[in-house]
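The lines below spell out each chain.
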Protein chains: 2
Amino acid sequence: MRKLVIASRNKGKISELKELLKEYNFEILSLDDYPEIPEIKETGKSFKENALIKARIAAQETGCLALADDSGLEVDALGGAPGIYSSRFAGPNKDDEANNKKLLELLEGVPFDKRTARFRCVVAAVDPQGIEITTEGVCEGKIGFEPKGSFGFGYDPIFIVDGYGLTMAELKPEIKNRISHRAKAFKKIAAVLKGLLD
Amino acid sequence: MRKLVIASRNKGKISELKELLKEYNFEILSLDDYPEIPEIKETGKSFKENALIKARIAAQETGCLALADDSGLEVDALGGAPGIYSSRFAGPNKDDEANNKKLLELLEGVPFDKRTARFRCVVAAVDPQGIEITTEGVCEGKIGFEPKGSFGFGYDPIFIVDGYGLTMAELKPEIKNRISHRAKAFKKIAAVLKGLLD
């Protein structure tokens, strides 16, 4: 069975990916299976660069096909911020609540129709034999005026999904897992990876 | 049938690719079918960047899956030159003969075991729906002391292929088409593209 290393130590992400890739004939590993590999720094200038940096290092260090993702929120009224800094928007040791608070404060006085935003996810797959693949998924919406809902994480409570009128945190996981930026990007890469298995 | 646009107007390259992709269910077009698209400049700093630039523009302009390649010769004793400048090494209006002559002159006095080199090819496929794929193929060899053979083109007459003891221009096309950098890169991308067809 072909090995696939997920370039992450995040247990939630690893189990989500195992679920998504279960129909394919991969033996799925993660960086937890390679404790000697140090933490990979996201030094890129875009989601794509960050995802490729992580997947390239994991592929090089393990000799296996490796998969990595990077994602975040782009708010048009803030010129695309927080973007690649989404998880550390309010500072390196802050949490989701601090990030959401900072974003709502920056958007004070901005009317609803100008609060357009999107979640973007890029997934990269790197095969040490000289193959690189990136796929992108986008979920469009608007930033609300207060947090709502208790599912999900990150900016989900203040991100109102286009066509649903609910925040991402109010959507049931089975709906989120179908329409999210991450789901779209991973579905595309799974289709492409299938070709590599034959 | 799914459309695939080859980001080239080079008739030889287009027919070679049609041959390679004939087992897949693509309707193959090229930039000859889109005369309104201007010539795409190769402004990248690597084969990969150049191939991606061409495939991205073709995908954007046509709305179709697009394929492009870039390739060249890397000579170790020259720090990787001519690299992305392979086709214009001796100047913008020079030909293969002038390029080969310049390379042999630059390597004067360099002994055979220090004349290691490789042909490298990167192929990029870009789907306007947010998928980018690159594959790489490499063919290792050494630069000879004089041109030999009459098949092929470019640096083929002075590139002695590892394991064959013959220049690329002395190898029969059916052998070259199996072991060349270009063949290896295209075989890999064909495998990946198969996944996109289902």
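Residues numbered from 1 in each chain as written. Chains lettered and ligands numbered in written order. Predicted model: local features only at pLDDT ≥ 70, side-chain atom pairs only at ≥ 80, totals over all residues. Heavy atoms only, no water.

Accessible area lost on assembly of the parts is the figure often given for the size of an interface. In this assembly, 17 residues from chain A lie in contact with 17 residues from chain B. Both sides of the chain A and chain B interface together cover about 1,300 Å² of buried area, and 51% of this is carbon and sulfur. Scanning the region where chain A abuts chain B turns up two salt bridges. Notably, a salt bridge pairs E132(B) with K48(A), separated by 3.1 Å at the nearest N-O pair. Put simply, the parts of the chain that give the side of chain A that touches chain B at least two residues each are α2 (47-62), β5 (131-143) and α5 (181-197) of chain A. (Contact = heavy atoms within 4.5 Å. Buried area = accessible area lost by both parts, 1.4 Å probe. Salt bridge = Lys/Arg side-chain N within 4 Å of Asp/Glu carboxyl O. Helix = DSSP H or I, 4+ residues; strand = E, 2+ residues; numbered from the N terminus.)

Let us now look at the packing of α5(A) against helix α5 (residues 181-197) of chain B. Contact geometry for α5(A) and α5(B): axes closest at 6 Å, N-to-C directions at 130°. With respect to their mutual orientation, α5(A) and α5(B) come out oblique. Note that α5(A) runs across α5(B); the crossing there is right-handed. Along the contact surface, α5(A) presents A191(A), V192(A), K194(A), G195(A) and L196(A), while α5(B) presents A191(B), V192(B), K194(B), G195(B) and L196(B). Of the residues contributing to the contact of α5(A) with α5(B), the split by class is six nonpolar, two polar and two charged. (Axes fitted to C-alpha atoms, helices over the stretch in contact; angles between N-to-C directions. Parallel < 35°, antiparallel > 145°, perpendicular 65-115°, else oblique. Left-handed = near helix turned anticlockwise from the far one by under 90°. Nonpolar A, V, L, I, M, F, W, Y, C, P; charged D, E, K, R; others polar.)

Residue and element names in this part refer to chain B. The full count for this structure, using the stated rule, is four aromatic pairs over all chains. Taking the centre distance of 6.2 Å and the plane angle of 35° together, the rings of F112 and F145 count as tilted. Separated by 33 residues along the polypeptide, F112 in the loop between α3 (96-106) and β4 (116-127) and F145 in the loop between β5 (131-143) and β6 (159-161) bring together distant segments of the chain. When its relative accessible area of 36% is taken as the criterion, F112 is described as partly exposed. (Phe/Tyr/Trp six-rings, centres within 6.5 Å; stacked < 30°, edge-to-face > 60°. Buried < 20%, exposed > 50% of the residue type's maximum accessible area, 1.4 Å probe, protein only.)

The next subject is the relation of the copies chain A and chain B. Expressed as a screw operation, the relation of chain A to chain B combines 0.0 Å of axial shift with a rotation of 180°, fitting to an RMSD of 0.0 Å. What we have between these two chains is a two-fold relation. Most of the interface of chain A is mirrored in chain B, where 100% of its interface residues are also at the interface. (Least-squares fit on C-alpha atoms with pLDDT ≥ 70 in both.)

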